[in-house]
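Close look at the chain arrangement
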Amino acid sequence: MIKNILNLGDSALYCDFGDEVNIDINSKVINFFKILQKKKISGIINIVPSYNKLIIVFDLSITNYKELKEKIETIKIEGFEKKNEKIIKIPVCCDIEFALDSERLSAKLNISFDEILNLYFSKDYFCYMTGFIAGMPFLGDIDPKIRFKRLETPRVKVPKGSIGLTEQFCNIYTFESPGGWNIIGNTPINVFNKFNLEKPALVNAGDIVKFYKITKKEYLNWNE
Amino acid sequence: MSKSYFEIIRPGINTTFQDTGRNNLYYIGIPFSGAMDKRNFLISNALVGNKFDLTSIEFAYQGPLLKLTGGKTSIAITGDVNFNIIRKSSKIFQGECYQSYEIESGDQIDILSTNKSVYGYFSVKDSFDVESFWGSSSINTRAKIGPNEGEKFLKNQKIYLKNQNSHFNKKKLNYLNSKIEYIRFIEGTNFDYFSKNAKKIFSSEKFIVSKLTDRMGMRLEGTKLENIINTNIKSEGLIKGVIQVPADGNPIIMLSDHGTIGGYPKIGVVISADYDKLVQLTPGSKIKFKSVSLADAEKLYGFYNMETQNLLNQIK
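Residues numbered from 1 in each chain as written. Chains lettered and ligands numbered in written order. Predicted model: local features only at pLDDT ≥ 70, side-chain atom pairs only at ≥ 80, totals over all residues. Heavy atoms only, no water.

1. Overview of the sheet that holds strand E2 (residues 12–16) of chain A
Residues and elements named next belong to chain A. Note the following rule: Paired strands, as defined in this entry, are two strands with at least two bridges between them according to DSSP. Elements are defined by DSSP. Helices are runs of H or I of four residues or more, strands are runs of E of two residues or more, and each kind is numbered from the N terminus. Each axis is a line fitted through C-alpha atoms, and for a helix only the stretch in contact is used; angles between axes span 0 to 180 degrees, taken between their N-to-C directions. Here a residue-residue contact requires only that any non-hydrogen atoms of the pair lie within 4.5 Å.
Taken in spatial order, the four strands make up an open sheet running E1-E2-E4-E3, and their pairing is antiparallel. Every interior strand has two partners, whereas the edge strands, strand E1 (4–7) and strand E3 (44–49), have only one. When the angles between neighbouring strand axes are averaged without regard to direction, this sheet yields 20°. Pairing geometry for E3 and strand E4 (residues 53–58), over five bridges, is antiparallel. By the bridge assignment for E4, Ile47 is matched with Ile56. With respect to the sheet, helix H1 (residues 23–39) is in contact with E3 and E4, its orientation differing from that of E4 by roughly 25°. Sitting on the sheet, helix H2 (residues 65–73) is in contact with E1, E2, E3 and E4, with an inclination near 160° to E1.

2. Thoughts on the interface of chain A and chain B
Formally: Each reported salt bridge corresponds to a side-chain nitrogen of Lys or Arg within 4 Å of a carboxyl oxygen of Asp or Glu. Counting of polar contacts relies on pairs of N or O atoms within 3.5 Å, with two restrictions inside protein: one atom must be capable of donating a hydrogen and the other of accepting it, and residues adjacent in sequence are counted only when both atoms are side-chain atoms.
In this complex, chain A contributes 46 residues to the contact, which on the side of chain B involves 37 residues. For the pair chain A and chain B, the interface holds zero salt bridges. Here chain A and chain B share 11 residue pairs in polar contact (both at pLDDT 80 or more) between them. Top element by residues in the side of chain A that touches chain B is E3(A). It accounts for six residues.

3. Overview of unusual backbone geometry
As a reminder, the rule being used: For every residue, the accessible area obtained with a 1.4 Å probe (protein chains only) is divided by the maximum for its type, and the residue is called buried under 20%, exposed over 50%, and partly exposed between those limits.
In this chain, Gly140(A) is followed by Asp141(A) through a cis amide linkage whose omega measures -5°. Following the sequence through the fold, Asp141(A) ends up in the loop between strand E7 (137–140) and strand E8 (155–158). Positioned with a positive phi, Phe132(A) is a non-glycine residue whose angle comes to about 75°. A residue is classified by how much of its surface remains accessible, and Phe132(A), at 27% relative accessible area, is partly exposed. Of note in the backbone geometry, Asn156(B) takes a positive phi value of approximately 75° without being a glycine. Inspection of the secondary structure assignment puts Asn156(B) in the loop between strand E10 (119–124) and strand E11 (158–160).

4. Concerning the environment of Ser102(A)
Residue and element names in this part refer to chain A. As for its position among the elements, Ser102 is in helix H3 (residues 102–109). For the pair Ser102 and Asn182, spaced 80 residues apart in the sequence, the C-alpha separation amounts to 8.2 Å. Those residues in contact with Ser102 that lie beyond four places of it in its chain are Ile96, Phe113 and Ile183.

5. Here's the deal with the sheet that holds strand E3 (residues 56–60) of chain B
All names here are of chain B. As summarised here, the arrangement of the five strands in space is E2-E3-E10-E5-E8, forming an open sheet in which the pairing is antiparallel. The sheet terminates laterally at strand E2 (16–18) and strand E8 (100–103), the two strands that pair on one side only. Pairwise comparison of adjacent strand axes, ignoring direction, gives a mean angle of 35° for this sheet. As paired elements, strand E5 (residues 73–78) and E10 share four bridges and run antiparallel to each other. Each bridged residue has a counterpart across the sheet, and for Ile77 the counterpart in E10 is Phe122. Helix H1 (residues 38–47) rests against E2, E3, E5, E8 and E10 of the sheet, and its axis sits at about 155° to E5.

6. Thoughts on the confidence of the model for chain B
Reading predicted coordinates in detail is not appropriate for stretches of low pLDDT. Here is the rule: You can read pLDDT as the predictor saying how much it trusts each residue, on a scale of 0 to 100.
Averaged over all residues, the pLDDT of chain B is 95; the fraction at 70 or higher stands at 99%. For this predicted complex, the interface confidence comes out at an ipTM of 0.95, alongside a pTM of 0.94.

7. What to know about the domain arrangement of chain A
Residue and element names in this part refer to chain A. To keep it simple, the criterion reads: Start and end points for every domain follow an automatic or database-based domain assignment. Once two parts are put together, the accessible area they lose, assessed with a 1.4 Å probe and summed over both, is termed the buried area. Each residue is assigned to one class: nonpolar for Ala, Val, Leu, Ile, Met, Phe, Trp, Tyr, Cys and Pro, charged for Asp, Glu, Lys and Arg, and polar for all the others, Gly among them.
Partitioning chain A into structural domains gives domain 1 (4–73) and domain 2 (87–220). If you average the C-alpha positions of domain 1 and of domain 2, the two centres end up 28 Å apart. Each side of the interface is counted separately: domain 1 has 10 residues, and domain 2 has nine residues. Regarding the contact of domain 1 and domain 2, the summed buried area is about 800 Å², with carbon and sulfur atoms giving 71% of it. Here domain 1 and domain 2 share zero salt bridges between them. Across the domain 1-domain 2 interface, the total number found is one residue pair in polar contact (both at pLDDT 80 or more). Here the side of domain 1 that touches domain 2 takes five residues from H1, the largest share from any one element. For the side of domain 1 that touches domain 2, a count of residues per class yields five nonpolar, four polar and one charged.

Below you can see the structure in the form of structure tokens.
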């Protein structure tokens, strides 16, 4: 499970689950995150799961690194939490107006944009984590043929709803933000809804996402 | 009787509601937010007799010009702030930080500037009539979360008070915002990604706070810090105070509205005791870092907390 626990500054624990990025390790991180969330341990004020690390932030006026580390180390993992992963369907329009990097990506990967999209829509994606900006899901893994690095100079503004690819992952920009991922389309739906206080993020760590293609006309007439 | 309100005649540069921030939402990408300089925030509330964590108005550099309509109330401003109180009679006098004033309908408060610092706090007796989102009224303008549609204040807006006509009780605190020589840090989880020389530079040379500094982060400029392992790591969680070093070798410190996930190596983390002072450093200021142990950081935080408590207790 946790290979090592370090301190990150004076008010966070850095739990290391390994170096690799794969669904197996990530599922362990998410599982441990869910267990901790339920336990409501005194002093913990934030828990951040990512690919293979879990950061636990605490209030230094309530507890400290040594005390909390001891508590965390005694937590027994009794099997996996029931995997009731949600399947979420997300419509995407890949019209040239939204696919900001279609030409560049197609040229760099040396395959047609249609082929990129065929490969992209043929898979379901696992949500490794949510964050960076509110509600942004980090999904994987995309087909090895359509993997490409980040833009050398990130865009100052990536439009809200943009679908981006980089390396083995894809994501959704939940609101306009700076960013360097390769943009292949846009979704008309709100992936982050701040008015839904119980569940503001549509896609959470451990969920499965199925993307499906819509036309520009469908996009423009979309009514949630 | 209708509610008292402040009309915003001039909004200032970045004026928002802030409190102690919101917890337990990092996992969906929502940072703490909250008052940048927590001590000054708490004191501003104490000076008007509030519970310390009620909503205040935070401003940066140039603050707002506010006009009261309705009943009397008391106000206080903290930080290192230059402001005037303009009475209804047009009589103007210079206000002093760390003391409360009674103001009446028609009076204006003109918060001109913060002196050699960034943030100041404006509190009013019984606080503002403000909504709470996920347990906090802090405005996060990046994610548009919090009251006021998650936006900073705009001209002509009205800000309603919770109560009016409260009994005035003059309160004062003798306090000077001291400067510190060093920003102390604990070595980060990627400290060894940096060359021996880079580590030495980091703890001995001065870095300059760049103009690209806001509630999300503080960018520094100085001698480039050489990374000898990898300029990227697999993206992982961030916390406030983390000092990341991207490929260009210039450190970036994560502040209260930071992105919750990042992929740059972490050379260090600013200790909790120094955070309030860090955020007050203006663009162009020089920073020197000093490495401390976890045990020392914990002790320093204990002192910081005790000192804050003493200040709050001194307010009578």
